[in-house]
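# Architecture at a glance
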Amino acid sequence: MKEFDIAIIGAGASGLAAATRAADRGAGVCLIEKASVGGVYLRDGFYVLRMLLNSLGIPRRYAPALEEELGISAAGCINVPAALRKVREGINALVEKRCKSLDARGVALISGIGEIVNPLKILVKSPEGGEQVISTKKIILAMGATPKALPAMPYDGKTVISSDDLLRLPDLPSQILIVGVGGFACEIAVLLNKLGCRVFVCSEEPRIVQGQDPDITSALEEELKKQKVKLLLNKSIVSIYKDVEKVNVTLDGGVKFSVNLIVVAGVRKPDSGMLLAGGGPGIRTGEQGDIWANEKMETTLSGVYAVGSVTGGRHSAILVEEEARVAVANALGKDKSLDKDKVPTIIYSDPELASVGCFASEAHFKGYRAV
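We now turn to the structure provided with this report. Here the structure is a predicted model, which is why all the values come from computation and not from measurement.

## Some details on unusual backbone geometry
Negative phi is the rule for most residues except glycine; trans is the rule for most peptide bonds. Between D350 and P351 the backbone carries a cis peptide bond, its omega angle lying at 10°. The backbone of K228 sits at a positive phi, close to 70°, despite the residue not being glycine. Tracing the backbone through its elements, the reader meets K228 in the loop between α7 (214–226) and β11 (230–232). What makes K228 exposed here is its relative accessible area of 62%. Its identity is not glycine, yet M297 carries a phi of approximately 65°, on the positive side. Mapping M297 onto the fold places it in the loop between α8 (273–277) and β17 (304–306).

Spelled out as C-alpha cells, the structure:
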C-alpha cells in the first residue's frame, strides 16, 4: 500500500494548485485524476480564453509567457478556424508541461476514480478495471464541476452546447446567444465579439454581474453595449425553435431573434456524485451535491478538505489558489482561515473589472463603519 502525507482527488485548477503548494512544502503528495490533468480550467476555460484574448491584442499581464508557450502572437485580427486549431494544439503542450512540473516536484499522478474509504484511505479504481488502496494522512477533494443542462434546453452538441465545448468547435457561427451572466459569461461575450460574432446575452437576472458595485457594473454594461453586445437582462426564454440553419428564440415581452448557436454559461453541478457513491462517510453536501467546507476548507469529515467548484459555484483562478493555500496549510498542521474579502475578484472583460474588500452596504454587518 502506497502512503502519502496528502492525497488530492481531482487534477483541475484547484487540485493542481494544492498539489504544487503541498509538494513545495516538502509533503509527499499524490494526485488522483479520472480523466486528464488541467480540467476545464486548462483545457476548455480560463487559460484558453486568456490566450485567445491575448492573440487579439488585449494585454493580460498576469501570464506574460502564455502567448509564447502557445505559439500565437498578438494581432489585430486572426483566422478563427486556424486560431481554434492552434489553441487545441497548444493546450496539449501546456498539459504535458504541467505533468512534467508535477513529476519534477515528486508528485505521484495516479489515473483513476478516487473513493474515500475513511479519512486515511482512498480506493482508486483505474480505467482498466484495476484497484489500489492509497494510504494518506490528509485528503483534499478538488473534483471540480461539470456542465448542467437547462431543462428546456438539453445539450445536443450542435445548436445548444455548454461553454466547455465552445472552443472545441472547428469554427464559430456568425450569431451566438449566451445564456447566463457573471464574470465568465462576460469574458465569453467579449471573446466572441472580438472574433467577429454577433453576440446576445440573455438572463433572468437584472445585471450582467451579480454581487459587484452597481456603478461599476453599470459602466461595464454600457461598454458592452458600445461594443454591440446585445444585453437581454431580466428576461426569460419562452421558447426556442430549431430549423435547418438557425434557432429562433422568443423571450418574455415578445422579444424575438435568431441565432446559429446557444451557449449555456455558468450552470454547473459539483462533480461529487462518484465520490459520495463510494461512501464518503460523514461528508455533508448541499442539494446540488456541493461539498460543505468551512473557512479552513475542512469538510464535515475531520482531516478531509475541499477546494474549488466542488464546494459550489464557479471559482476564479485567484480564489482557487487561496483556497488551496489554506487547505494545504491546515492539512500540514497550521491554523489558517480563508477571508474572501481579501481575495480580489477580476473579470477579464474589455474593460476589465476588479474589486477587493467588502461593499459599503455589507460593512456594518462585519463590524466596520463604511466611509
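## Re the pairing of strand β6 (residues 131–141)
Examined bridge by bridge, strand β1 (residues 2–9) and β6 share seven bridges and lie parallel to one another. Bridge assignment links E3 to a residue of β6, and that residue is S135. As paired strands, strand β5 (residues 121–125) and β6 are joined by five bridges and run antiparallel to one another. Among the inter-strand pairings, V124 is bridged to a residue of β6, identified as Q132. The turn linking β5 back onto β6 is made up of five residues, and G129 within it adopts a positive phi angle of 105°.

## Examining the sheet that holds strand β10 (residues 198–202)
Taken together, the five strands give an open sheet; going across it, the order is β8-β15-β9-β10-β11, and neighbouring strands pair in parallel fashion. The open sheet has two edge strands, β8 (160–162) and β11, and neither has a second partner. Neighbour-to-neighbour, the strand axes of the sheet open up by a mean angle of 25°, direction not taken into account. In terms of strand pairing, β10 meets β11 through three bridges, oriented parallel. Looking at the pairing, V201 lines up with L231 of β11.

## Quick word on the environment of T311
Of note, T311 is situated in the loop between β17 and α9 (317–331). Taking relative accessible area as the criterion, T311 reaches 18% and is therefore assigned buried. Residues T311 and Q288, 23 residues apart in the sequence, show an inter-C-alpha distance of 9.8 Å. In contact with T311, not counting residues within four places along its chain, are D290, I291, A293 and A306. In terms of polar contacts, T311 uses its side chain to reach the backbone carbonyl oxygen of G308, at 2.7 Å.

Reading the values: rules and limits
Positions within a chain are numbered from 1, following the residues in the order the chain's sequence is written. Side-chain atom pairs in this predicted model are given and counted only at pLDDT of 80 or more, local residue features only at pLDDT of at least 70, and totals for whole chains, interfaces and linings cover all residues. Only hydrogens and water are set aside when side-chain values are computed; all heavy atoms of the structure are taken into account. Only DSSP runs of H or I covering at least 4 residues are called helices, and only runs of E covering at least 2 are called strands; the numbering of each starts at the N terminus. Each residue is placed in one exposure class: buried if its accessible area under a 1.4 Å probe, protein chains only, is under 20% of its type's maximum, exposed if it is over 50%, and partly exposed if it falls in between. Any two strands are treated as partners once DSSP identifies two or more bridges connecting them. To get an axis, fit a line to the C-alpha atoms, keeping to the stretch in contact for a helix; angles then go from 0 to 180 degrees between the N-to-C directions. Between two residues, a contact is recorded if the distance between any of their heavy atoms is within 4.5 Å. Each polar contact in these results corresponds to two N or O atoms within 3.5 Å; when the atoms are within protein, one needs to be able to donate a hydrogen and the other to accept it, and residues that are neighboring in sequence are counted only if both atoms are side-chain atoms.

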